[in-house]
Amino acid sequence: MRAKGCSTDRPTLFHAVIHLSASHILCHTQEKLPPPLYLCYSAVDSNPLSVYVMHPFWNFVVKFLPTWLAPNLITFTGFMFLVLNFLMLAFYDFDFTASAAEHEHVPSWVWVAAGIFNFLAYTLDGVDGKQARRTNSSTPLGELFDHGLDSWACIFFVATVYSIFGRLESGVAVLTLYYILWVVLFSFILSHWEKYNTGILFLPWGYDISQVTISLVYLVTAVVGVEKWYQPCLWHYLYRDLFSFMIIVCSFTVTLPMSLYNVLKAYRSNTLKHSSMYEAFLPFLSPVLLFVLSTTWVVFSPSNILELQPRIFYLMVGTAFANVTCKLIVCQMSNTRCQALSWLLLPMTPVVLLAVTGVVANETLLLYLWTAVVILAHIHYGVSVVRVDA
């Protein structure tokens, strides 16, 4: 059914904008190929869980891997486990309602598989670098491939975890999860912003703790059922409240202060790689603009698109953010200046305008097409980087 006042030629305009957006992104990526990368991996990992438990475990696991197994294949396999989790939960719980009361729940075996796959992905992410050093095959491309896929993985594990609680009375509102997703995304880019300014990647404590916890929660859910999470865990607070509270508090009381402290320490010791505050904070411009554009779409959507298609909207935002983050990683690895603006945001602006003004009658179709453009553009950028560095 067509909305009132919408003429029949508007889908043509809508398709034209999507086509021009895709052409613009692909052509610009082809012209502005990334510079050569340099391997200068310097990281600090002080998390006790990582240092005393996970690293010894990974050192044990890597001994069983054949030396002919490429580290990048290990990285990609781990990433695909997260994608598989996302697709598996999308099949059983596409709109995040399966965990609610009086709805058909996700089968227990799916949660068992999700827990195993998540831990396998985490383990492979930990052993890929060890395999590279073990086989003397460390490359700049391998570092970029690892961190680039990590940036894209954020959306997959956040959306998969969301299915535990769902969106209805006993769950977390889709708008709340949208902002939680942004907290996770900004927490991720903070580490790479630190490296862009200090030359050292300070690995966040929250990552290891969250991955182990998520894997265990999946397995516990398979045993006790999603109904367990309906019950209060502390006073009158539900597990969903604890879930949201822990992510937000960890980000604003640990991740953000530590990032600012490390950059400030580098500034005071005159080891900061960028002399001005403008240059130091330039990498945040594109993520902030992406947040503004996507939030504008959410707030002013005529059809309340986030309620209609939360999974696809999260995927679009997470993929666009991964593209922005990958370009920052390329800049830090090639010792070049960060772009002031990601070109992906230019065509996104008219797409958002088409959506919020109601020019396009079918807002869901617009979202699906734009999400496809974003995913293809991100993959195209990755392929371009590989070709340049090969």
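The sections below set out a description of the structure shown in this document. Since this is a predicted model, take the numbers as computed values, not measurements. All residue numbers refer to position in the chain's written sequence, counted from 1. Predicted model: local features are reported for residues with pLDDT of at least 70 only, side-chain atom pairs are reported and counted for 80 or more only, and whole-chain, interface and lining totals are derived from all residues. Think of the side-chain values as coming from all heavy atoms in the structure, minus any hydrogens and water.

### A word on the packing of helix α5 (residues 140-165) against helix α12 (residues 310-334)
Right, on to step 1. Two numbers describe how α5 lies on α12: the axes approach to 9 Å, and their chain directions differ by 160°. One way to sum up the angle between α5 and α12 is to call them roughly antiparallel. α5 and α12 meet at a crossing whose hand is right-handed. Across from P140, E143, L144, H147, G148, S151, W152, I155, F156, A159, Y162 and S163 in α5, the residues of α12 making contact are R311, Y314, L315, G318, T319, A322, T325, C326, I329, V330 and M333.
Right, on to step 2. The residue classification treats Ala, Val, Leu, Ile, Met, Phe, Trp, Tyr, Cys and Pro as nonpolar and Asp, Glu, Lys and Arg as charged. All others, Gly included, are polar. Across the contact of α5 with α12, the residue classes break down as 14 nonpolar, 7 polar and 2 charged. Axis lines are fitted to C-alpha atoms, over the contacting stretch for helices. Their N-to-C directions set the angle, which ranges from 0 to 180 degrees. Each helix corresponds to a stretch of at least 4 residues labelled H or I by DSSP, and each strand to a stretch of at least 2 residues labelled E; elements are numbered beginning at the N terminus. Comment on the angle field: the value is read as roughly parallel under 35 degrees, roughly antiparallel over 145, roughly perpendicular from 65 to 115, and oblique elsewhere. Should the near helix be turned counterclockwise from the far one by less than a right angle, the crossing is left-handed, whereas a clockwise turn marks it as right-handed. Any two residues having at least one pair of non-hydrogen atoms within 4.5 Å are treated as being in contact.

### Focus on the layout of surface pockets
Unfilled space is identified by rolling a water-sized probe across the atoms.
Right, on to step 1. Roughly 360 Å³ of volume is contained in the second largest pocket.
Right, on to step 2. If you go around the second largest pocket, you meet 17 residues; those closest to its centre are F145, L149, H378, G382 and V383.
Right, on to step 3. Counting residues per element, the ones that place at least two in the lining of the second largest pocket are α3 (71-92), α5, α12 and α14 (363-389). Here a cavity means grid points, on a 1 Å grid over the protein atoms only, where a 1.4 Å probe fits yet cannot get out; a pocket means an open set of points with protein on both sides within 12 Å along at least five of seven lines; lining residues are those with an atom within 4 Å of a point. Grid points are joined across faces, edges and corners, and a volume is the space filled by probe spheres set on the points.

### Regarding the pattern of salt bridges
Right, on to step 1. Think of a salt bridge as a Lys or Arg side-chain nitrogen and an Asp or Glu carboxyl oxygen that are within 4 Å of each other. One pass over the full model with this rule turns up 3 salt bridges.
Right, on to step 2. Between R167 and E307 there is a salt bridge, with the nearest N and O atoms lying 2.7 Å from each other. Note that R167 is positioned in the loop between α5 and α6 (174-198) and E307 in helix α11 (residues 305-308), a separation of 140 residues in sequence.
Right, on to step 3. Exposure classes here rest on a 1.4 Å probe applied to the protein chains alone. A residue is buried below 20% of its type maximum, exposed above 50%, and partly exposed in between. Residue classification places E307 among the partly exposed positions, given a relative accessible area of 37%.
Right, on to step 4. Close ionic contact of E279 with R337 constitutes a salt bridge, the shortest N to O distance being 2.9 Å.

### Brief notes about empty space enclosed by the protein
Right, on to step 1. Tallied over the entire structure, the rule returns 2 cavities of 30 Å³ or more.
Right, on to step 2. Taken as a whole, the largest cavity encloses approximately 90 Å³ of empty space.
Right, on to step 3. Lining the largest cavity, in full, are P283, S286, V324, K327, L328, C331, C338, Q339, L341 and S342.
Right, on to step 4. By residue number, the principal contributor to the lining of the largest cavity is α12, which donates 4 residues.
Right, on to step 5. Classifying every residue of the lining of the largest cavity by side-chain character gives 6 nonpolar, 3 polar and 1 charged.

### A few points about helix α13 (residues 345-356)
Right, on to step 1. Each residue after the first adds 1.5 Å to the expected span of a helix. With 12 residues, α13 extends 16 Å from end C-alpha to end C-alpha; this agrees with the ideal 16 Å at 1.5 Å per step.
Right, on to step 2. Inspection of α13 places L345, P347, M348, V351, V352, L354 and A355 among the buried residues, and these make up the whole buried set. Within α13, the buried residues cover an arc of 165° as seen down the axis, which keeps them to one side.
Right, on to step 3. Positive phi appears at G358, one or two residues downstream of α13, with a value of about 80°. Relevant arc is that of directions from the helix axis to the C-beta atoms, nothing else.

### A word on the side chain of D128
Right, on to step 1. You can see D128 is positioned in helix α4 (residues 108-134).
Right, on to step 2. Although D128 is buried, it makes no salt bridge; R133 carries the closest opposite charge, 7.0 Å away.
Right, on to step 3. Excluding anything up to four places from it in sequence, D128 contacts P71, I74, T75 and D146. In this tally, Lys and Arg are treated as positive and Asp and Glu as negative; His is ignored, and so are the chain termini.

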